Amino acid sequence: MNYSEKVMDHFTNPRNVGEIENADGIGEVGNAKCGDIMKMYLKIDGDVITDVKFKTFGCGAAVATSSMATEMIKGKTINEALQLTNKAVMEALDGLPPVKIHCSVLAEQAVKAALTDYYKKQGVDPEPIVGIIPDCEDCHE
Ligand code: FES
């Protein structure tokens, strides 16, 4: 299987791995296709994501996409993070082999799940803001 240099870089040297104590939002999602799971922690100040960390029991492509996704939302606003799609993450990594596209959805889902948790903790209904968290069936290339 051919992985881009960026994928290999983020897989062998993933950014933002770990957890955040007293995170403002925690999202845990599972991939229906392979059973892998991902946990995402967000620290939020006002509407800015000041810190983000992740842990995954997922494959190399899941590690690489999550690493890239955390870099893409760190320091960004919640709104910007909500625009993040698995497609954008894949593009930033110069692509993934087609059989691995479903892996990239974990990162997008985990960000949305963590934001859902954040709003719930604030006593705000997350659904109008975050929407329904997409699942693997919505994987887009
Ligand atoms: Fe499960 Fe990639 S094979 S996330």
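Our subject is the structure that appears above.
Residues numbered from 1 in each chain as written. Predicted model: local features only at pLDDT ≥ 70, side-chain atom pairs only at ≥ 80, totals over all residues. Heavy atoms only, no water.

**What about the environment of M72?**
Then step 1. With respect to the element layout, M72 can be found in helix α2 (residues 60-73).
Then step 2. When the C-alpha atoms of M72 and A92 are compared, they prove to be 9.0 Å apart, with 20 residues separating the residues in sequence.
Then step 3. Not counting chain neighbours up to four residues away, the residues in contact with M72 comprise L84, A88, V89 and A92. (Helix = DSSP H or I, 4+ residues; strand = E, 2+ residues; numbered from the N terminus. Contact = heavy atoms within 4.5 Å.)

**Side note on the packing of aromatic side chains**
Then step 1. Tallied over the full model, the rule gives one aromatic pair.
Then step 2. Ring plane angle 65° and centroid distance 5.1 Å describe the contact between Y118 and Y119, whose orientation is recorded as edge-to-face.
Then step 3. Among the residues examined, Y119 registers a relative accessible area of 13% and is labelled buried. (Phe/Tyr/Trp six-rings, centres within 6.5 Å; stacked < 30°, edge-to-face > 60°. Buried < 20%, exposed > 50% of the residue type's maximum accessible area, 1.4 Å probe, protein only.)

**Regarding the pattern of salt bridges**
Then step 1. With the rule as written, the count across this model stands at eight salt bridges.
Then step 2. Residue K39 is joined to E28 by a salt bridge in which the shortest nitrogen-to-oxygen separation is 4.0 Å. Of the two residues, K39 is situated in strand β2 (residues 37-45) and E28 in strand β1 (residues 25-30); the sequence distance between them amounts to 11 residues.
Then step 3. On the basis of relative accessible area, K39 is assigned to the partly exposed category, the value being 29%. (Salt bridge = Lys/Arg side-chain N within 4 Å of Asp/Glu carboxyl O.)

Function-wise, these values are silent; they only describe arrangement.
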